[in-house]
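Residue-level listing of the chains:
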2 protein chains.
Amino acid sequence: MAAADPGALVERARTGDRGAIARLLSLVEAGGPAAAAALADLYPHTGRAYTIGITGPPGAGKSTLTDRLVGRIRRDGDEVGVLAVDPTSPFSGGAILGDRIRMQDHALDSGVFIRSMATRGHLGGLALATPQAVRILDAAGKPWVIIETVGVGQVEVEVASAADTTVVVLNPGWGDAVQANKAGLLEIADVLVINKADWPGLDDAVRDLRQMLELSGASDWEPPIVETVATERRGVDELWDAIGAHRAYVEADGRLALHRAARLRTEIRSLVAERLGERAAVVCDGPRFDDLMTRVVARDVDPHAAADALLDS
Amino acid sequence: MAAADPGALVERARTGDRGAIARLLSLVEAGGPAAAAALADLYPHTGRAYTIGITGPPGAGKSTLTDRLVGRIRRDGDEVGVLAVDPTSPFSGGAILGDRIRMQDHALDSGVFIRSMATRGHLGGLALATPQAVRILDAAGKPWVIIETVGVGQVEVEVASAADTTVVVLNPGWGDAVQANKAGLLEIADVLVINKADWPGLDDAVRDLRQMLELSGASDWEPPIVETVATERRGVDELWDAIGAHRAYVEADGRLALHRAARLRTEIRSLVAERLGERAAVVCDGPRFDDLMTRVVARDVDPHAAADALLDS
């Protein structure tokens, strides 16, 4: 069928066809040869979109803040794509789309494309799928792509930090700067947001964050701390200005191109590792594997020796 | 030097020598051939320890609760090992040991061995290192090993759920049951704890959790919900009894042996994938890789095609 042909889908997606964009995104989530073929067609038409990563602990208000940023971008007339990355349960495979409901303000706006990306059931799956999903929205002509994560797991931090500007959202009451630092959040933050800034503890949170930033601060860029109350649309312009200032900074001296090249290197390394992992899955199946497992359970063979034996076969 | 010989270290660790245990744990964190050799020596002497995983969002009080459980176990005269698994920053590589300071009650107790395990800089590193670390404590004669995670990232959930009994710690104020469900926590919980049970919102939290559990509840085992105030040592006996009840349940009908065999299968698959990943690292280096990267940055070659070309070489 012509409509399922990746090349035809790419052509349609480039005209902004929402159905084609959605089908390409599903292709990329599923992985496999069709996704690779679509990427090959897409890739020459990418490189114009600017990506914004939004991460932070669950409940910090990331979805609402993303919604407000979308509104701010639309005020300028620009189109925007949103990828809500949700590693959630490694067991059931389903994304809970509750958060998306909050964004229904924009459901009827053809200039906004929102998509939840769920886990593909293995570590690193989303880290590989997300840059490809960004390329689809990029080739479809969205000048802005927001990558919002549900939480602050390793994968989510990896995904959010692979954006051109990474925004870390915290709350006055969320633990403290030490917790954010523990999760690796301060190191990846280009812009820090304290959302729910009308809650108690704001001054403490700002002070703690500044101290932690000073301790780790080796970079030229000092992440600004923006106070917002997303539910009341407070601080959204300031956040947008801070993102713009960071963009101007990275674009000024070729830093953005260097960052993007470094991300490509990492991506290709991960792709190579993934393909080798597929080979591993083939090796770890069948009667030879079952036989070895029986011996490992009986403690005749240790797990490392079993892995070596499988690789030698 | 004889002391660095894995075989000699294993012999000393089996007598409970703390220095030898610590060196073996460092070996396993670092990975490589010495770790594999140590594991081969250790492996026949393992299988007696019972493991308890403790996970939950940052700030839920996991460290304090672990400390109380250690105290409870010591009251019975049993020895116990604690592994505090901390994927924290994928960038700096260092574990922040602040939480450990809270456990200094047991610092002088020779029946307690506490160790923080930090990231080895790549996804899955801790998931592979943790079961090996457990084996060291197991072979050293600890009948109980507690695996405590710092947060609820994918790796941490994976690590904590690979215990014989997994305890998930929440708070009355921590988002709601939906957030816990999103993070995959309810699916892995054998015992649920609502710590800081003296905070407002306890009844709502218990009700929400029960509802979520009923919706997902396909298993024979219904996770009990234990209310604790770890700082005041309230509910610790009840938690210990709940862990004991779950242990009795899995031990009654061979379920524990099946679970452990399934975990071994997963571990060996991961070991095979890791070794293939090391081969990937070799491929993704050198002038050929640099040349391909230049072409990918110029958009002459797409990332998938580059990965294929590297694997063919």
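If you're wondering where the values come from, they're calculated on a predicted model, not measured in any experiment.

What counts and what doesn't
- For every chain, the first residue of its written sequence is number 1, and the numbers climb from 1 along that sequence.
- The order in which chains are written sets their letters, starting at A; the order in which ligands are written sets their numbers, starting at 1.
- Per-residue local features are limited, in this predicted model, to residues with pLDDT of at least 70; the limit for side-chain atom pairs, both in listing and counting, is 80 or more; totals at the level of whole chains, interfaces and linings are taken over all residues.
- As used throughout, a nonpolar core is a set of buried Ala, Val, Leu, Ile, Met, Phe, Trp, Tyr and Cys residues joined through C-beta atoms within 7 Å of each other.
- Exposure is read from a count of other C-beta atoms within 10 Å of each residue's own; the residue is exposed at 12 or fewer, buried at 20 or more and partly exposed in between. C-beta atoms are placed from the backbone.
- By the criterion used throughout, residues are in contact when their C-beta atoms, derived from the backbone, lie within 7 Å.
- Axes here mean lines fitted to C-alpha atoms, for a helix over just the part in contact, with angles spanning 0 to 180 degrees between N-to-C directions.
- Numbering of helices and strands starts at the N terminus; helices are DSSP runs of H or I of at least 4 residues and strands are runs of E of at least 2.
- Any angle that falls under 35 degrees is termed roughly parallel, while one over 145 is termed roughly antiparallel, one within 65 to 115 roughly perpendicular, and all others oblique.
- For any pair of crossing helices, the crossing counts as left-handed if the nearer helix is rotated counterclockwise from the farther one by less than a right angle, and right-handed if it is rotated clockwise.
- Polar here means any residue other than Ala, Val, Leu, Ile, Met, Phe, Trp, Tyr, Cys and Pro, which are nonpolar, and Asp, Glu, Lys and Arg, which are charged; Gly is therefore polar.
- Strand pairing is assigned whenever DSSP identifies at least 2 bridges connecting the two strands.

The next point concerns the nonpolar core. Ranked by size, the top nonpolar core spans 176 residues in total, and within it L24, I136 and V193 of chain A together with L24, I136 and V193 of chain B carry the most contacts. With sequence-adjacent residues up to four places away left out, V193 of chain B is seen in contact with L65, V167, V168, V169, V226, T228 and L239 of chain B.

Attention shifts here to the packing of helix α3 (residues 33-42) of chain B against helix α6 (residues 125-139) of chain B. Residues and elements named next belong to chain B. At a closest axis distance of 10 Å, the pairing of α3 and α6 adopts a crossing angle of 40 degrees. Between α3 and α6, the interaxial angle falls into the category oblique. Classified by chirality, the crossing of α6 by α3 is left-handed. Here A35, L39 and L42 of α3 come into contact with α6, specifically with Q132, R135, I136 and A139. Within the contact of α3 with α6, the residues separate by chemical class into five nonpolar, one polar and one charged.

Another point: the environment of V159 of chain B. Residue and element names in this part refer to chain B. Looking at where V159 falls in the secondary structure, it is placed in helix α7 (residues 154-161). Placed 30 residues apart in sequence, V159 and A129 show a C-alpha to C-alpha distance of 9.6 Å. Those residues in contact with V159 that lie beyond four places of it in its chain are V85, L126, A127, T130, I147 and T149.

Looking now at the interface of chain A and chain B. Contacts between the two partners involve 61 residues from chain A and, on the opposite side, 60 residues from chain B. Those elements that provide at least two residues to the side of chain A that touches chain B are α3 (33-42), α7 (154-161), α8 (177-182), α12 (255-283), α13 (287-297) and α14 (303-312) of chain A. Element by element, the count of residues in the side of chain A that touches chain B is highest for α12 of chain A, at 15 residues. When grouped by side-chain class, the residues that make up the side of chain A that touches chain B number 36 nonpolar, 15 polar and 10 charged.

As a further point, take the sheet that holds strand β4 (residues 144-149) of chain A. All names here are of chain A. Judged by pairing direction, the sheet is parallel, and its seven strands sit side by side in the order β3-β2-β4-β1-β5-β6-β7 without closing on themselves. Taken across any chain shown, the strands that pair with only one partner, and hence form the sheet edges, are β3 (112-118) and β7 (225-227). For this sheet, the mean angle separating the axes of adjacent strands, direction not counted, is 20 degrees. Alignment of strand β5 (residues 165-170) against strand β6 (residues 191-194), held across four bridges, turns out to be parallel. When the sheet's bridge partners are listed, V167 is paired in β6 with V191. Together, β1 (50-55), β2 (80-86), β4 and β5 form the strand contacts of α7, whose direction differs from that of β1 by roughly 150 degrees. Lying on the sheet, helix α10 (residues 202-216) is in contact with β5, β6 and β7; it crosses β6 at an angle near 160 degrees.

So, on to the environment of V82 of chain B. All names here are of chain B. Looking at the element boundaries, V82 is found in strand β2 (residues 80-86). When the C-alpha atoms of V82 and L137 are compared, they prove to be 8.9 Å apart, with 55 residues separating the residues in sequence. Non-local contacts of V82, meaning those with residues more than four positions away in its chain, are made with T66, V70, I114, I146 and E148.

Honestly, that's just the spatial picture; any functional story needs more than this.
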